[in-house]
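What the coordinates show
Here is how the chains run, residue by residue.
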Protein chains: 2
Amino acid sequence: MTTEINEREQTLLKMLIESYVRDGQPVGSQKLARDSRLNLSPATVRNIMGDLEALGLVSSPHTSAGRIPTDKGYRLFVDSLLTVQSLDNDEVQRFKQEIDTDESVEVLIERVSSLLSGVTQMAGVVVAPRREHQVLRHIELLPLSDNRILVILVMDKQEVQNRIIRTAHAYTPSELQQVANYLNASLSGADLQTVRNRLLADMRETRSRMDRLMQRALDMAESVFAETAALDDCVIAGQTNLMEFSELSDIDRLRSLFDAFNSKQQILHVLDQCLGSPGVQIFIGQESGYEPLNNCSLVTSSYGVNNRAIGVLGVIGPTRMAYDRVISIVDATARLFSAVLNQRH
Amino acid sequence: MTTEINEREQTLLKMLIESYVRDGQPVGSQKLARDSRLNLSPATVRNIMGDLEALGLVSSPHTSAGRIPTDKGYRLFVDSLLTVQSLDNDEVQRFKQEIDTDESVEVLIERVSSLLSGVTQMAGVVVAPRREHQVLRHIELLPLSDNRILVILVMDKQEVQNRIIRTAHAYTPSELQQVANYLNASLSGADLQTVRNRLLADMRETRSRMDRLMQRALDMAESVFAETAALDDCVIAGQTNLMEFSELSDIDRLRSLFDAFNSKQQILHVLDQCLGSPGVQIFIGQESGYEPLNNCSLVTSSYGVNNRAIGVLGVIGPTRMAYDRVISIVDATARLFSAVLNQRH
DNA sequence: TCTAGCACTCGGATATCGCGAGTGCTAATA
DNA sequence: TATTAGCACTCGCGATATCCGAGTGCTAGA
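Residues numbered from 1 in each chain as written. Chains lettered and ligands numbered in written order. Predicted model: local features only at pLDDT ≥ 70, side-chain atom pairs only at ≥ 80, totals over all residues. Heavy atoms only, no water.

**Describing the interface of chain B and chain A**
Quite often, the size of an interface is put as the accessible area lost when its parts meet. Opposite the 23 residues of chain B that make contact, chain A presents 23 residues. A per-residue breakdown of the area chain B buries against chain A is headed by Thr240(B), Met243(B) and Arg255(B), which together make up 25% of the total. At the surface where chain B touches chain A, the tally comes to 2 salt bridges. Arg255(B) is the salt-bridge partner of Glu244(A), the closest N and O atoms lying 2.3 Å from each other. Taken together, chain B and chain A are joined by 6 residue pairs in polar contact (both at pLDDT 80 or more). Breaking the side of chain B that touches chain A down by element, the ones donating at least two residues are strand E4 (138-143), strand E5 (148-154), strand E6 (160-166) and helix H10 (251-263) of chain B. Considering every element that reaches the side of chain B that touches chain A, the biggest residue donor is H10(B), with 6 residues. A class-by-class count of the residues in the side of chain B that touches chain A yields 11 nonpolar, 6 polar and 6 charged. (Contact = heavy atoms within 4.5 Å. Buried area = accessible area lost by both parts, 1.4 Å probe. Salt bridge = Lys/Arg side-chain N within 4 Å of Asp/Glu carboxyl O. Polar contact = N/O pair within 3.5 Å; in protein donor to acceptor, adjacent residues only side chain to side chain. Helix = DSSP H or I, 4+ residues; strand = E, 2+ residues; numbered from the N terminus. Nonpolar A, V, L, I, M, F, W, Y, C, P; charged D, E, K, R; others polar.)

Right under this line is the structure:
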C-alpha cells in the first residue's frame, strides 16, 4: 500500500524536510507557511501537518514544537520528492585527481573512503573488492622447510597474495615446478570463483586416471583456494565526524555505533545487501534492521569492473542528512572508482 | 630538585590517590582522617593537604570540594609510593593461552592489543615490530611483464613480504636466478638493518671490479631495501572503552583523542620514545607533550627478541587509573609476548 | 475549503533557595 | 611546637518556581 499524498502535501513535506535538514530544528506551521510560496495560512498548514502526521510521515517531539520527518517521511522524500542535482564538474575533477593514482588497491580504498568522509563530513565506508572476482595471473610455489610450501598468487597488477600451506607429502623442487606449471596452464586468467569450480571439476575427472602427482597437486591447490572465501574487509573513515551530530551525541548511542564500526561484521552484512542492485541505494534509520544504526542513514552504491559489481562504497550519517548532495557524491565516487579499476584491467 | 615529603605525607598522598582512583570523587579531610590508621584529626589532615597543595601534588576542583591528585602527584605516587602487586598466576596462564597461538604476527598483534584493552577496560596499543630487526631467510625473484620484478622476502616463519620493483634493464629468467642465488648466499640470515649495511659495503667494493650483472643485482637489491624504512604501524583496540570515563566525556576532548588514534602518527611518535629503555614506562597526563593525551596516561613496555627491543605495547587510559594493576598487566603481557616471539625464532 | 482567533501545552531558560560537604583560620590544648 | 576543636564561610548541586514564547488543536466564521 503506497501512501498517496496530493501535490500540496508533497510540496510542504519537501519544504519541511529541506528546512529540517538545513537547521536541525523542528519546523512550525508559521515558518512553513511563510517559506512556501503557496499563500497558505499557518492554520491550513497545521491541518495538513495533522494529516501527514496521521500518515506517519512526520511527528512532533512534543506538543508545542514543530514537526520533524519520520523515517517513513524521509523515505517518501527520497523516493519521489527529491531532485538530485548532479555534481559540479570542477568537483568531479577534484575527486578524480584524488582517486586516480597508481597506488595499490588497498591504499586506493583508504583514499576513497576518506574522500567520501571528507567531502560529506560524515563517515565514509568502502567494502573491499570481493576476492572471488579477482583474476589470477600467475601462481608460484616455493618450498620451505618441513613440508611447508609458500604459495604466491599474482593477481592484479599491484596485487600479490601469499599463503603458506602444509602438505602431507614432501615435494622436490622439480616436482613443485611441474605442479606450478600445470596449475598455471590450467588456471591463470580465470577469476578465483572460476578457479575453484574448475579445480573441483578437474579433481573429479582426474581421480579415475590416477596420476599420483596430479592428484596431489589438485589436493594442494584445493587447500590453497579453500580459504579464498575469507571474509571481505571494509574500511571506514571519518567516524569521528559523527560526533558532531547532536542526534547521535548521547554517549551510549555513540559508543554502540563505534563498537559496530570496530567489529565491522554487521556493517558488512548490511552493506552486502547492496551488492546485488545497481545504482545508489539508501537505508533510512531502522530500515537497515541493525540497532546501532537507528537514527543513521546509509547511502551506498556498488562499484565494479566490466559492469560487474565487485564491491560497495558509501556514506554513513544521521538520518538528517542532505540526501540530494550525498546521493550525487556517492554516485559520482562509485563511477570514478569503477573507472579507475577498469583502466587497470 | 626533588620534592621531599615526609612519611606521614606520603601515607596520606598514597591513600588519597588510591581512594580517588577507586571512587572518582575528590577526597575530603574527614574521609582521609577516618580511613588512614594514623589517628589524625580532620583538621590536621587539612593542614597537610595545604602543604601538599603548595607543593603542587594535589589540587581542589573548587573551594568546598576535597582534593584530587595532580599529574605531579601521580608521578610521585608511581615513582616511589606504589606497591606493584605481581599478577595472579592463574591470570598469567589465561593471558598465555590467549596469546600463544601459531597465527601470523599481524593477527597476534591484534590479539595482544585487545587482550590489553579487554582486561584493563581501557585502550590497548601495540606497535608492530620494527621491520629492521626481522631476519631475512630467503629471497625469491620472479619476472613479471614490462621490466617489473616481483621480489619475495621470506622472513620469519609466518611472515612473507612482497615488493614489486621496476628495473631499467630486462633480466632473463636465468639471470634473475643467478642474482637471487647471489643475494641469498650473501644476505640470508641477517636482519634487514644489517642487510642494508652489507649491501652498501658490497656496492662500494664491487664498483671497481665492474661485473655488470653483479652491479645490476646490487642496484636492484638497493631499491628493494630502500623502502624497508617504511613507517611502523600500530594497532589500537578498545578505544570505545574510553568513552566510559567521565573525565574524558566532554565530546570535544573525546573527539580529538579519537582523531589522534586514527591518524596514529603522533601516538607512534610518543610510543617510539619508549623503545629505548627497558621495563615499564609511564607517561602521565601532560608528560607525553601531546595535547589530546592530556588527562590520559600511557603505561608501556617494550618487547623484543633475544633481549633486543623491537616494539612497544601498552595501555592508554585516563590519568585516574589503577596504576599498580595496569603496570603489572602491561609488564606481564610484554614478557609473554616476547616469549612467544622468541620461541618462533 | 480555508482562515482567523483563542485557549492551552510544554520545553527551555533563568532565578532562587537550602543543604551539605569541605575548607581555612584561630584559639585552646597536650 | 604540633595537634586539635570550633566556627564561620564558600561553593556546587539539586530541587523548585517562574516566565516566556513558539506552536498546537479546535471552533466558528468567511
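**Considerations on the packing of aromatic side chains**
Each aromatic ring pair is summarised here by two numbers: the centre-to-centre distance and the angle between the ring planes. Considering all chains together, one arrives at 7 aromatic pairs over all chains under this definition. The aromatic ring of Tyr20(B) is capped on one face by Arg320(B), whose charged end is 6.0 Å from the ring centroid. (Phe/Tyr/Trp six-rings, centres within 6.5 Å; stacked < 30°, edge-to-face > 60°. Lys NZ or Arg CZ within 6 Å of the ring centre and 35° of its normal.)

**A few points about the relation of the copies chain B and chain A**
The operation relating the two chain copies consists of a rotation about an axis and a shift along that axis. The transform that puts chain B on chain A rotates by 180° and translates by 0.1 Å along the axis, for an RMSD of 0.1 Å. Look at the turn and shift together and you get a two-fold axis relating the two. When the interface residues of chain B are mapped onto chain A, 100% of them are again interface residues, pointing to one common binding face. (Least-squares fit on C-alpha atoms with pLDDT ≥ 70 in both.)

**A short note on the pattern of salt bridges**
All names here are of chain A. Enumeration according to the criterion identifies 28 salt bridges over all chains in this entry. Across the pair aspartate 79 and arginine 75 runs a salt bridge, and its minimum N-O distance is 3.1 Å. Of this pair, aspartate 79 and arginine 75 are both found in helix H4 (residues 71-81), 4 residues apart, which corresponds to roughly one turn of the helix. The class for aspartate 79 is exposed, based on a relative accessible area of 52%. Take arginine 75: its relative accessible area is 22%, and that puts it in the partly exposed class. (Buried < 20%, exposed > 50% of the residue type's maximum accessible area, 1.4 Å probe, protein only.)

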